[in-house]
Amino acid sequence: MNKSLLNKINNGQARIGIIGLGYVGLPLARRFTEQRFNVVGFDIDDLKVKYLNEGKSYINHISNDVIKEIISNGFQPTKNFDLISDVDVIIICVPTPLGIHNEPDLSYLFSTLESIKNYLQKNQILILESTTYPGTTEEEIVPFIKKLGFNIGHNFFIGYSPEREDPGNKNFSTKTIPKIVSGYTNECLTITKKLYDKVVDSTVSVSSTKVAEMTKIMENIHRAVNIGLVNELKIVAEKMGIDIYEVIQAASTKPFGFTPYYPGPGLGGHCIPIDPFYLTWKAKEIGLNTRFIELAGEINRSMPAYVIDKINEALNGFDKSISGSKILILGLSYKKNVDDLRESPSLELINILKQKGAQINYCDPFFESIPLTRKFVFKIKGKKLTKSLLNDSDVVVLATDHDSFDYDLIAKESKIIVDTRGKFRNSKKTIRA
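None of these values were measured; they are calculated from a predicted model. (Residues numbered from 1 in each chain as written. Predicted model: local features only at pLDDT ≥ 70, side-chain atom pairs only at ≥ 80, totals over all residues. Heavy atoms only, no water.)

Colleague: Would you take a moment to explain the packing of aromatic side chains for this structure?
Modeller: Each aromatic ring pair is characterised by the separation of its centres together with the angle its planes make. Applying the stated criterion to the full structure yields nine aromatic pairs. Summarising the aromatic geometry, the rings of Phe-42 and Phe-81 are spaced 5.5 Å apart at their centres and angled 20° between planes, so their arrangement reads as stacked. Of this pair, Phe-42 sits in strand β2 (residues 38-42) while Phe-81 is found in the loop between β3 (76-78) and β4 (89-92), placing the two residues 39 residues apart along the sequence. Phe-42 gets classed as buried once you look at its relative accessible area, which sits at 0%. We classify Phe-81 as buried; its relative accessible area is 12%. (Phe/Tyr/Trp six-rings, centres within 6.5 Å; stacked < 30°, edge-to-face > 60°. Helix = DSSP H or I, 4+ residues; strand = E, 2+ residues; numbered from the N terminus. Buried < 20%, exposed > 50% of the residue type's maximum accessible area, 1.4 Å probe, protein only.)

See the structure below:
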């Protein structure tokens, strides 16, 4: 056991390096800084580093004042990976997307390891927080570190602690969400747990990094499968003339054995549309098929097409087609009240509608324009939600139910609404989708 590293953590003297300053890394940096740790934040994005050093936030639920405070308390954002040699703790929070065939894309992780390998020192601990398939730490990170000549568990330490961030959730924070912790050896686990015990209210130790990796995957599979189920039930209920939201509300009165999930236009966010396929890929590697997971994924991926059918239905009522029609999309974010459009079904809807010749406008309080993504490039400026915009639109599609939208105005001034979120259940102008 490296008592020097443990003592530094115990005394708050350990220097923390966090790689990746997005929706996971930046809140984590904030939390360590709040506990008076010296934190260096690494990111390859020039603009992010520039904003942070200027005291500006690029994440809606983290204010400029928070950034200024953590900078004044010693937080150091940088692109200079040489500084890895000066930290005691290295926490990796980089994206782990899917490839074009739904296979794991660990390129961000691999490039990070290559960027830091020349600066790693004895008696450091490296912890991965990015979601990945069970076995990644043992099969990829451990061999990489061993090849550099370190003796893991003796003069270098490796842990895995999956992120559990929920952007925009005001009920839970980095501090209050229980943290799963694991280590490649018992010594690695002890140090990992001690570190997170300093910044979160509760840690949960598990027996191996594989268990921790599987825990995170299971959490998101649970959500993906249940959302797939309720999306399928929505279609069945609609055909039977039943309000699925009333059904969910009624079922939720049962005090045990039921958890409400809600339908929508598809899955979004970095986790739920992606993480289940990490396990699907790994299962195939060992000769198994995850039929339940794949079926839920198929249903969830089909929802944008279902919404398009409903838009067609709405326009047919006015003897119009999608081609040439003015369609207003309300909400770009993958869920309400956040400035996060990763894997957002709204982008898929816009893409399909544009291909079909629609004239697209959108309103979203968090986006003046649509940022570039890995999949889509849209040169569309956002519009202010006004009476004239609603009057001028052939159909209004509620894709994301931001609280800031004026729903009375939308209901009054829209010709017809395609509602994917159950906000206009009693309006005669509404087609549920």
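Colleague: What is the right way to look at the pattern of salt bridges in this model?
Modeller: Tallying each qualifying case throughout the model produces 24 salt bridges. Measuring nitrogen to oxygen at the nearest pair gives 3.1 Å for the salt bridge that ties Glu-238 to Lys-310. Taken together, the positions of Glu-238 in helix α8 (residues 209-239) and Lys-310 in helix α11 (residues 291-316) put the pair 72 residues apart, joining distant regions of the chain. Judged by its relative accessible area of 7%, Lys-310 is buried. For Asp-392, the salt bridge identified is with Lys-326, shortest N-O distance 3.2 Å. Linking Asp-392 in helix α13 (residues 387-392) with Lys-326 in strand β9 (residues 326-330), this pair joins segments that are 66 residues apart in sequence. Several salt bridges converge on common partners, so that one network encompasses Arg-30, Arg-31 and Glu-34. (Salt bridge = Lys/Arg side-chain N within 4 Å of Asp/Glu carboxyl O.)

Colleague: Can you help me understand the side chain of Lys-179 in this one?
Modeller: Tracing the chain through its elements places Lys-179 in strand β7 (residues 179-183). You can call Lys-179 buried: its relative accessible area is 8%. Setting aside its immediate chain neighbours within four residues, Lys-179 contacts Glu-129, Ser-161, Pro-162, Glu-163, Arg-164, Tyr-196, Val-200, Ser-202, Thr-203 and Val-204. (Contact = heavy atoms within 4.5 Å.)

Colleague: Please clarify how the sheet that holds strand β11 (residues 395-398) should be interpreted in this entry.
Modeller: Through backbone hydrogen bonds, the strands of a sheet pair up, either in parallel or in antiparallel fashion. Judged by pairing direction, the sheet is parallel, and its five strands sit side by side in the order β10-β9-β11-β12-β13 without closing on themselves. A single partner strand is all that each edge strand has here, and the edge strands are β10 (359-363) and β13 (430-432). Across this sheet, the average inter-strand angle for adjacent strands is 25°, counted without regard to direction. Pairing geometry for β11 and strand β12 (residues 417-419), over three bridges, is parallel. By the bridge assignment for β12, Leu-398 is matched with Asp-419. (Pairing = 2+ DSSP bridges. Axes fitted to C-alpha atoms, helices over the stretch in contact; angles between N-to-C directions.)

Colleague: What should I look at first to understand helix α7 (residues 186-197) in this one?
Modeller: In an α-helix, one turn spans 3.6 residues, which is why side chains three or four residues apart end up on the same side. With 12 residues, α7 extends 16 Å between its outermost C-alpha atoms, agreeing within 8% with the 16 Å of an ideal straight helix rising 1.5 Å per residue. Inspection of α7 places Cys-188, Leu-189, Ile-191, Thr-192, Leu-195 and Tyr-196 among the buried residues, and these make up the whole buried set. All buried residues of α7 project into a common sector of 165° when viewed along the axis, lining one side. (Expected span 1.5 Å × (residues − 1). Arc of directions from axis to C-beta.)

Colleague: Please clarify how the pairing of β9 should be interpreted in this entry.
Modeller: The side chains of a regular strand alternate between the sheet's two faces. Of all five residues that make up β9, four are buried, and the element is covered over most of its length. The parallel pair β9 and β10 is bridged by helix α12 (residues 345-355), and the resulting crossover is right-handed. Alignment of β9 against β11, held across four bridges, turns out to be parallel. Bridging across to β11, Ile-327 finds its partner in Val-395. (Right-handed = clockwise from strand over helix to strand, strands pointing away.)

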